[in-house]
Amino acid sequence: EERLRRAEAEARRRRELDQRAQVLGRWLWPLFWLVVPSLLGGIMTNDTVLSALPGLRVPGELVDLLCALAYSVILWQLRQLEDGYRAAAVCCGGSALVGALAEALRGVVGDGLVLMLLLPVLGVKLYGTYREYNAHAAMLDGADDGLAENWRTLWKWEIGLLLGLFGCILLALVAGVLGLLALLADAVGIIVVSVLKLMYLYRTARLFRNHIPTETEALPE
């Protein structure tokens, strides 16, 4: 009876994994490639770059908005697999639209109103990231437990570095050089987290894309 229960549980786990792979193998790959133009948009809107090339602001903001909206549409396609994808899609799309509105109002209204719009946007975006990472981890449970744990750990690093960024700014106001060094270290950490996200997303997309269901073949590269 115990062997029979184990066989039934394994067959059920395999069927669930087959169903996940059919959807995730199709949508996670374009989700991975969207990160590249998104990073490009971030570079174009960087203050250092804009100081030399101010004409890149509008194209960069447009690239950021389009990438965020496309990202949210893809997450929405995964909503039937995990509720976290639904929440992440709404948060990603909503924060992108409100953020674009705030940037459009910059210079038209006071900086205080713009800040009042951007702070909630940051909170919503972070919550969406949390739900997305945990949704990826839930899909990987039983398929790659190590990668699932990496997704859960990555969120902790991301929120920690963001909170550290505010701390570094306050430290820079008190102790200039020390604060700037801490700010530089935090910025390097944020870059590392971004690279890790790209790596984990690639591994997750590849795992499900190359998964061979019980009676079908893997999707072609």
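Rules behind the numbers
Residues numbered from 1 in each chain as written. Predicted model: local features only at pLDDT ≥ 70, side-chain atom pairs only at ≥ 80, totals over all residues. Heavy atoms only, no water. Helix = DSSP H or I, 4+ residues; strand = E, 2+ residues; numbered from the N terminus. Buried < 20%, exposed > 50% of the residue type's maximum accessible area, 1.4 Å probe, protein only. Lys, Arg positive; Asp, Glu negative; His and termini not counted. Salt bridge = Lys/Arg side-chain N within 4 Å of Asp/Glu carboxyl O. Contact = heavy atoms within 4.5 Å. Expected span 1.5 Å × (residues − 1). Arc of directions from axis to C-beta. Phe/Tyr/Trp six-rings, centres within 6.5 Å; stacked < 30°, edge-to-face > 60°. Axes fitted to C-alpha atoms, helices over the stretch in contact; angles between N-to-C directions. Parallel < 35°, antiparallel > 145°, perpendicular 65-115°, else oblique. Left-handed = near helix turned anticlockwise from the far one by under 90°.

Visitor: Could you clarify how one ought to interpret the side chain of K197 in this entry?
Guide: When you line up the elements, K197 lands in helix α7 (residues 176-209). Comment: no salt bridge for buried K197; closest opposite-charge side chain is E132, at 4.4 Å. Aside from chain neighbours lying at most four places away, what touches K197 is Y71, E132, Y133, W151 and L154.

Visitor: Whenever I open this one, helix α3 (residues 57-77) confuses me. Can you help?
Guide: Count 3.6 residues to each turn of an α-helix, and residues three or four apart come out pointing the same way. With 21 residues, α3 should reach 30 Å at 1.5 Å per residue; the first-to-last C-alpha distance of 31 Å fits that figure. Taken residue by residue, α3 has G60, C67, A68, Y71, S72, I74 and L75 as its buried positions. Seen from one end, α3 has its buried residues packed into an arc of 160°, which puts them on one side. Away from its buried face, by an angle of more than 90 degrees, α3 presents the exposed residues V58 and L66.

Visitor: Can you help me understand the environment of R152 in this one?
Guide: Within the element layout of this structure, R152 appears in helix α6 (residues 145-174). As a C-alpha pair, R152 and Y130 span 22 residues in sequence and 8.5 Å in three-dimensional space. Among residues more than four places away in sequence, those in contact with R152 are N134, A137, A138 and D141.

Visitor: I tried to follow the pattern of salt bridges on my own but got confused; where do I start?
Guide: Pairing between side chains of opposite charge can happen when the charged atoms of each approach one another. Summed over the entire model, instances satisfying the criterion amount to one salt bridge. As a salt-bridge pair, R152 and D141 come within 2.9 Å of each other at their nearest N and O atoms. Of this pair, R152 sits in helix α6 while D141 sits in the loop between α5 (111-140) and α6; the two residues are 11 residues apart in sequence, bridging distant segments of the chain.

Visitor: Whenever I open this one, the packing of aromatic side chains confuses me. Can you help?
Guide: The description of an aromatic ring pair rests on the distance of the ring centres and on the angle between the ring planes. Scanning the entire structure with this criterion turns up eight aromatic pairs. A centroid spacing of 6.4 Å and a plane angle of 35° characterise the contact between Y127 and Y130, whose relative ring orientation is tilted. Pair noted here: Y127 and Y130 are both in helix α5, with a separation of three residues, about one helical turn. Ring geometry for W151 against Y200: centres 5.8 Å apart, planes inclined by 65°, an arrangement best described as edge-to-face. Here W151 is found in helix α6, whereas its partner Y200 is found in helix α7, with 49 residues between them in sequence. Here W151 and Y200 have matching classes, each one buried. Among the aromatic side chains, those forming a connected cluster through ring pairs are W29, F32, W33 and Y202.

Visitor: Teacher, can you tell me more about the packing of α3 against helix α4 (residues 83-105) here?
Guide: In a pair of packed helices, the angle between the axes and the distance between the axes together describe the arrangement. Closest axis-to-axis distance for the α3/α4 pair is 8 Å, and the angle between their directions is 160°. Considered as vectors, α3 and α4 are oriented roughly antiparallel to each other. Note that α3 runs across α4; the crossing there is left-handed. Residues E61, L65, A68, L69, Y71, S72, L75 and W76 of α3 form the contact with α4, whose own contacting residues are Y85, R86, A88, A89, V90, C92, G93, A96, L97, A100 and E103.

Visitor: What is the right way to read α4 from this model?
Guide: Helix length check: α4, at 23 residues, gives a terminal C-alpha distance of 33 Å against a target of 33 Å (1.5 Å per residue), a fit within 8%. All of the buried residues in α4 are G84, Y85, A87, A88, A89, C91, C92, G93, S95, A96, G99 and A102.

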